[in-house]
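Working through the structure, step by step
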Amino acid sequence: FGEERLYLIPSMLKSSTQARRGGHTSLLQNKADCLFDFSETFCPYGLFERLICLCVAHSGRMRTTKAPKLTNSLATVYFGQDTVLQFEHVYDQIFVSVQPSRKANWCLKIMHSMIHKINEEFLKKKLSWKLKLRGSNGYVSYELAMKREMKPWFPISEEMTGITLSNFHP
């Protein structure tokens, strides 16, 4: 608040079926996929929308970035000219694709920090989830992917250092 001239109101977004008729399609190739899985508990109403709002705000701070494409359960957000994040909210899961895959670990750190920020500030640290990363044989736990140094998610790059929760304002 303060510097923004435009505001995103998630409840005003079209439903995904309306948007698909309007041409919202995924054309991402050379991508990396991850999953924030809340199915052991639940994905609180508004979490997806808050995450998208934080991503759009982060995107807006970058100089050369494209406008996002948003619906109530699908979103395409750009971090600069060459990094695309595509989100899909399905029941108690949020699927995320990152293109190009070489930016996967950097984007993952940003998204994970944003969800932690939402959890701390709005949900009093009561939210729990499992982070899963897609490998050649499907999704595996974050811990297993880290142990295997699964590419493109690991090893952690220099770009990931210095990202903290205070960088994101809900």
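Heads up: these notes are all about the structure in this document. (Residues numbered from 1 in each chain as written. Predicted model: local features only at pLDDT ≥ 70, side-chain atom pairs only at ≥ 80, totals over all residues. Heavy atoms only, no water.)

All right, on to the sheet that holds strand 6 (residues 130-135) then. Consider a sheet: its strands pair through backbone hydrogen bonds, and that pairing is either parallel or antiparallel. Across the sheet, 7 strands lie side by side as 2-3-4-5-1-6-7; this open sheet has antiparallel pairing. Taken across any chain shown, the strands that pair with only one partner, and hence form the sheet edges, are strand 2 (69-70) and strand 7 (138-141). When strand 2 meets strand 3 (residues 74-78), the two strands line up antiparallel, connected through 2 bridges. When the sheet's bridge partners are listed, Lys-69 is paired in strand 3 with Thr-76. In this fold helix 3 (residues 104-122) packs onto strand 1 (32-37), strand 4 (84-90), strand 5 (93-99) and strand 6, with an angle of close to 15° to the strand it touches most, strand 1. (Pairing = 2+ DSSP bridges. Helix = DSSP H or I, 4+ residues; strand = E, 2+ residues; numbered from the N terminus. Contact = heavy atoms within 4.5 Å. Axes fitted to C-alpha atoms, helices over the stretch in contact; angles between N-to-C directions.)

Okay, helix 2 (residues 47-60) next. Taking 1.5 Å per residue as the helical rise, helix 2 with its 14 residues ought to reach 20 Å, and the 20 Å between its terminal C-alpha atoms agrees with that figure. Along helix 2, the residues classified as buried are Leu-47, Phe-48, Glu-49, Leu-51, Ile-52, Leu-54, Cys-55, His-58 and Ser-59. Tucked inside the fold, the buried residues of helix 2 contact strand 2, strand 3, strand 4, strand 5 and helix 3. (Expected span 1.5 Å × (residues − 1). Buried < 20%, exposed > 50% of the residue type's maximum accessible area, 1.4 Å probe, protein only.)

What follows deals with the pattern of salt bridges. Enumeration according to the criterion identifies 6 salt bridges in this entry. The salt bridge involving Glu-40 is made with Lys-130; its shortest N-O contact spans 3.8 Å. Separated by 90 residues along the polypeptide, Glu-40 in the loop between strand 1 and helix 2 and Lys-130 in strand 6 bring together distant segments of the chain. Its relative accessible area of 40% is what places Lys-130 among the partly exposed residues. Here Glu-121 makes a salt bridge to Lys-117, at a shortest N to O gap of 2.8 Å. (Salt bridge = Lys/Arg side-chain N within 4 Å of Asp/Glu carboxyl O.)

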